Amino acid sequence: MIKSNRGAVRLFYLSAFLESLCFYAPVASLYRLEYGVSVFQITLIESVCFILSLLLEMPWGFVTARVGYKKTLLAAGALEVLAAVLFWRARGFGMFLAQRCVLAAAISGFSGCDVAYLCRLAGREQEHRVVGGYNAVGYGGLVAVGLLFPLARPLGYRGLAFLALAGTLGSVLLRLALPEIGAEPQDTLGLKEQAAALKKVLLGNRPFLAFVLCGAVLTEVEHTFTVFFASPAWAAAGISEQWYGLLNLALNLTGLAAGLCSARLARRAGPGRAVALCWALALGCCCALALGAGAAALLLALPLLRLAAESYRPFEQVFKNARTGCAGRAVALSAYNMAASVTGAAVGPLLGAGTGEGLQKGFAMGVCLLVPAALAAGICYKRMQKGNRTQ
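Below is a summary of the structure that appears in this document. This structure is a prediction, so every number in the text was calculated from the model and none was measured.

Definitions and limits used
- Residues numbered from 1 in each chain as written.
- Predicted model: local features only at pLDDT ≥ 70, side-chain atom pairs only at ≥ 80, totals over all residues.
- Heavy atoms only, no water.
- Helix = DSSP H or I, 4+ residues; strand = E, 2+ residues; numbered from the N terminus.
- Rg over C-alpha atoms; globule rule 2.2 N^0.38 Å.
- Buried < 20%, exposed > 50% of the residue type's maximum accessible area, 1.4 Å probe, protein only.
- Contact = heavy atoms within 4.5 Å.
- Areas by Shrake-Rupley, 256 points an atom, 1.4 Å probe, with all protein chains shown as cover.
- Lys, Arg positive; Asp, Glu negative; His and termini not counted.
- Charge placed at Lys NZ, Arg CZ, Asp CG, Glu CD.
- 1 Å grid on protein atoms, 1.4 Å probe; cavity = no way out; pocket = protein on both sides within 12 Å on 5 of 7 lines; lining within 4 Å.
- Points joined across faces, edges and corners; volume = space filled by probe spheres on them.
- Disulfide = S-S within 2.5 Å.
- Expected span 1.5 Å × (residues − 1).
- Bend = angle between axes of the 7 residues up to and from the residue.
- Phe/Tyr/Trp six-rings, centres within 6.5 Å; stacked < 30°, edge-to-face > 60°.

## Looking at the overall build of the protein chain
- Tallying secondary structure elements over the protein chain gives 16 helices and 0 strands in all.
- A compact globule built from 391 residues would reach a C-alpha radius of gyration of about 21 Å, and the protein chain, at 21 Å, matches this within 12%.
- Across the 391 residues that make up the protein chain, the buried fraction comes to 51%.
- Across the protein chain, contacts joining residues at least 24 apart in sequence account for 84% of those joining residues at least 6 apart.
- Summed over its atoms, the accessible surface of the protein chain is roughly 17,600 Å², and 67% of this surface lies on carbon and sulfur atoms.
- Here the protein chain carries 34 positive and 18 negative side-chain charges, and the mean point of each set is 6 Å from the other.

## Considering the layout of surface pockets
- As a volume, the second largest pocket reaches approximately 310 Å³.
- R124, E125, E127, H128 and V318 are, among the 15 residues lining the second largest pocket, the residues nearest its centre.
- Looking at the lining of the second largest pocket, the elements that each hand over two or more residues are α7 (127-152), α12 (244-269) and α14 (295-322).
- When residues of the lining of the second largest pocket are assigned to their parent elements, the largest contribution, 4 residues, is made by α14.

## Quick look at the state of the cysteines
- The full count for this structure, using the stated rule, is 0 disulfides.
- Here C214 is not cross-linked by a disulfide; its sulfur's nearest cysteine counterpart is in C380, at 5.3 Å.

## Describing empty space enclosed by the protein
- Counted according to the given criterion, the structure contains 1 cavity of 30 Å³ or more.
- In this structure, the largest cavity occupies an estimated 40 Å³ of space.
- If you trace the largest cavity, you find it lined by F12, S15, A16, E19, F110, D114, Y134 and R175.
- Looking at the lining of the largest cavity, the element that brings in the most residues is helix α1 (residues 3-19), giving 4 residues.

## Things to note about helix α13 (residues 271-291)
- With 21 residues, α13 extends 30 Å between its outermost C-alpha atoms, agreeing within 8% with the 30 Å of an ideal straight helix rising 1.5 Å per residue.
- Inspection of α13 places A274, V275, C278, W279, A282, L283, C285, C286 and L289 among the buried residues, and these make up the whole buried set.

## Remarks on α7
- The end-to-end C-alpha separation of α7 is 36 Å, in line with the 38 Å expected for 26 residues at 1.5 Å each.
- The axis of α7 is deflected most strongly, by about 35 degrees, at G146, and proline P150 appears within four residues downstream.

## A look at the packing of aromatic side chains
- Inspection of every chain in the model, using the stated rule, returns 22 aromatic pairs.
- Considering the side-chain rings of Y31 and Y157, the 6.0 Å spacing of their centres and the 55 degrees angle between planes classify their relative orientation as tilted. With Y31 in helix α2 (residues 28-34) and Y157 in helix α8 (residues 156-175), this pair connects stretches of sequence that are 126 residues apart. For the residue pair Y31 and Y157, the accessibility class agrees, reading buried in each case.
- Ring geometry for F319 against Y381: centres 6.1 Å apart, planes inclined by 45 degrees, an arrangement best described as tilted. Pair noted here: F319 is in helix α14 and Y381 is in helix α16 (residues 359-390), with a separation of 62 residues, a long-range link.

This is the structure in structure tokens:
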């Protein structure tokens, strides 16, 4: 990586850190309830946001191919600032719905574009390291919020939302100083030609597309278990609520460490063995959770599950970046992310339905989903390697 690009990567990291300082996160639902939105309306808004982000994923990819990475990042950042302003002043269902729709547009704009831009800056040899660092920076922001929240809490809900707005605005201003990256040859194709090229990339890499879908199962299981199932599991294990803040902090610190160590794991074990290790660790943790081995095992399994999933993520992101073919990075990455999001949307309700007979059943459902996904991922990876050798 050349020296100027190294500085740009650090600037991108700082921008991402400011963006992740969501000070209202610990009370996000309470904030909405306070300003006129019911729990049902919250879930309805989230569903609309998810659908809209999926619909906008591919159009943003084609836009990025036309205008470039930096302009796309700035446009998505401007939408994110608008969403932060709306959230700061929102009151009632209509304004909160509008805020999430704007945020969905921003999220779709960032999706794929951020990683593609970083990888172009870093070069092929440094891709894994910078992507892992990018993921770690996001968790670094969550850790900072967790540590600073007791000091910021007296500002009230509106004050917390304003702090998040300030961080988002600072993030966008920093992006103004990022260098522009020239277009790739694939980005000069017409819309129809690029769509045809994307179809060729996806259908010509069926094993890898299946590999991405398997990874989406792992990611969604980890997210559901560590975000939604963690607190009820701690309560069922008899852990006092006074420790929940520290336990969440430990989960975020684990995610940060995973992002920083993923590239080192790849160098020492090799990509194939490292990916297998991540899957094996995730399966072991989910089995421990499903068996209900007690508080000690619970306190160990959840952080290790996050360690496995967050160590795996940079591998998949680098693999996706290397398999964009003639469709162009932005368009192909948007397609891969959309496929993964659809898979994740299907997995989440299955895990939730499993809890109808108790939390342990939900954990057991995770094992039932992960086992075939892990086997399929292993088969797909071997086919991918075989395909690489024959090319």
